[in-house]
Amino acid sequence: MHENQHHHPAPDFTPEHRTGILPSDAPLAVPFVPFQRDNPPQYSPEDGLPRGTIFPGLDLPWQNTVNRSQPAAGTPLGEIMALEFALYDLALYLDTHQHDTHAIEMAEHYMSLLHTARKHYVEQHGPLSHDEAIRDGKYTWLQDPWPWEYQERRG
């Protein structure tokens, strides 16, 4: 070690750190968020959901590992999950790009698809949320099948 270099011991991490309390000498992180230009390329909702973003420019998988697990893929519930995720990701994008007409059009298109998908799902399999559980003067939340019990036959 050079004369003016000082050795700093690693911070003493204790179980209380699991609650978010760090010691005063804990190292700080420097966040990085890539800047997005208007009208960036997009994955489909089905491809974006397991990747964690619908924007390929933000797709920076940890240690180059992509989540390929999609247990609901190809089912009506999987379609709803993917559309809801895509809408959420588009909303975050629109927070900083509110004049991107293409993104607004995509959000409107996904909202329309989601509305239709939820309506069909509820008609065939029952409510996905409490606001869909009251229909025709009846409370249907406790009726079977539950959403996770639905298995679409593939063939």
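Before reading further, recall that the structure is shown in the block above.
Residues numbered from 1 in each chain as written. Predicted model: local features only at pLDDT ≥ 70, side-chain atom pairs only at ≥ 80, totals over all residues. Heavy atoms only, no water.

A look at the overall build of the chain
Rules: Helix and strand definitions follow DSSP, with helices as H or I runs of at least four residues and strands as E runs of at least two, each counted in order from the N terminus. Categorising residues by exposure relies on relative accessible area from a 1.4 Å probe, with only protein chains included: less than 20% of the type maximum marks a residue as buried, more than 50% marks it as exposed, and the intermediate range marks it as partly exposed. Method for areas: the Shrake-Rupley scheme with a 1.4 Å probe, in which residue coverage is limited to the protein chains shown.
A tally of helices and strands in the chain yields 3 helices and 2 strands. Ordering the α and β elements of the chain from the N terminus gives α-α-α-β-β. When burial is assessed residue by residue, the chain has 31% of its 155 residues classed as buried. Accessible surface for the chain amounts to roughly 12000 Å². Of this, 55% is attributable to carbon and sulfur atoms.

Brief notes about the nonpolar core
Filter applied, for reference: Buried Ala, Val, Leu, Ile, Met, Phe, Trp, Tyr and Cys residues that are joined via side-chain atoms within 4.5 Å together make up what is termed a nonpolar core. The criterion used for residue contact is that any of the two residues' heavy atoms lie within 4.5 Å.
Judged by nonpolar contacts, the single largest core of 19 residues is most densely connected at Ile54, Ile80, Leu90 and Tyr110. Among the elements of the structure, α2 (76–96) and α3 (101–125) are those that each provide at least two residues to this core. Once residues within four sequence positions are removed from consideration, isoleucine 54 is found in contact with Pro41, Gln42, Tyr43, Gly48, Phe85, Ala86, Asp89 and Leu90.

Observations regarding unusual backbone geometry
Backbone geometry at asparagine 39 places phi at a positive 50°, although glycine is not the residue there. Its place among the elements puts asparagine 39 in the segment before α1 (45–51).

Regarding the pattern of salt bridges
Side chains that carry opposite charge are capable of pairing whenever their charged atoms lie near each other. Inclusion rule: By definition, a salt bridge exists where a carboxyl oxygen of Asp or Glu is found within 4 Å of a side-chain nitrogen of Lys or Arg.
With the rule as written, the count across this model stands at 3 salt bridges. Glutamate 84 serves as the salt-bridge partner of arginine 118, at 2.7 Å between the closest nitrogen and oxygen. Separated by 34 residues along the polypeptide, arginine 118 in helix α3 and glutamate 84 in helix α2 bring together distant segments of the chain. One salt bridge connects glutamate 132 with arginine 118, and the closest N-O pair in it is separated by 2.9 Å. In this pair, glutamate 132 sits in the loop between α3 and β1 (134–135) while arginine 118 sits in helix α3, placing the two residues 14 residues apart along the sequence. Judged by its relative accessible area of 18%, arginine 118 falls in the buried class. Through salt bridges with shared partners, a single ionic network connects Glu84, Arg118 and Glu132.

Some points on the packing of aromatic side chains
We count it as follows: Aromatic pairs are defined between Phe, Tyr and Trp rings, using the six-membered ring for Trp, whenever the two ring centres lie within 6.5 Å; interplanar angles under 30 degrees are classed as stacked, those over 60 as edge-to-face, and all others as tilted.
Tallied over the full model, the rule gives 1 aromatic pair. With a centroid separation of 5.1 Å and 35° between ring planes, the pair formed by phenylalanine 55 and tyrosine 93 is classed as tilted. Of this pair, phenylalanine 55 sits in the loop between α1 and α2 while tyrosine 93 sits in helix α2, and the two are 38 residues apart along the sequence. By the burial criterion, phenylalanine 55 is buried, and tyrosine 93 matches it.

Considerations on the environment of threonine 96
Along the chain, the position of threonine 96 falls in helix α2. For threonine 96, a relative accessible area of 56% gives the class exposed. As a C-alpha pair, threonine 96 and arginine 37 span 59 residues in sequence and 10.0 Å in three-dimensional space.

Some thoughts on the environment of histidine 130
On the secondary structure map, histidine 130 appears in the loop between α3 and β1. Sequence separation between histidine 130 and tryptophan 141 is 11 residues, and the spatial gap between their C-alpha atoms is 6.7 Å.

Looking at α3
Our working definition: Residue count minus one, scaled by 1.5 Å, sets the expected span of a helix. Nitrogen and oxygen atoms within 3.5 Å of one another constitute a polar contact, given that in protein one can donate a hydrogen and the other can accept it, and given that sequence-neighbouring residues count only through two side-chain atoms.
Taking 1.5 Å per residue, 25 residues should reach 36 Å; α3 reaches 35 Å between its end C-alpha atoms and fits that length. For α3, the full list of buried residues reads Ala103, Met106, Ala107, Tyr110, Leu114, Ala117, Arg118, Tyr121, Val122 and His125. Here the buried face of α3 lies against α1, α2 and β1. The N-capping residue of α3, defined by a side-chain oxygen 3.1 Å from the backbone nitrogen of histidine 102, is aspartate 100. A positive phi of about 105° marks glycine 126, the residue just after α3.

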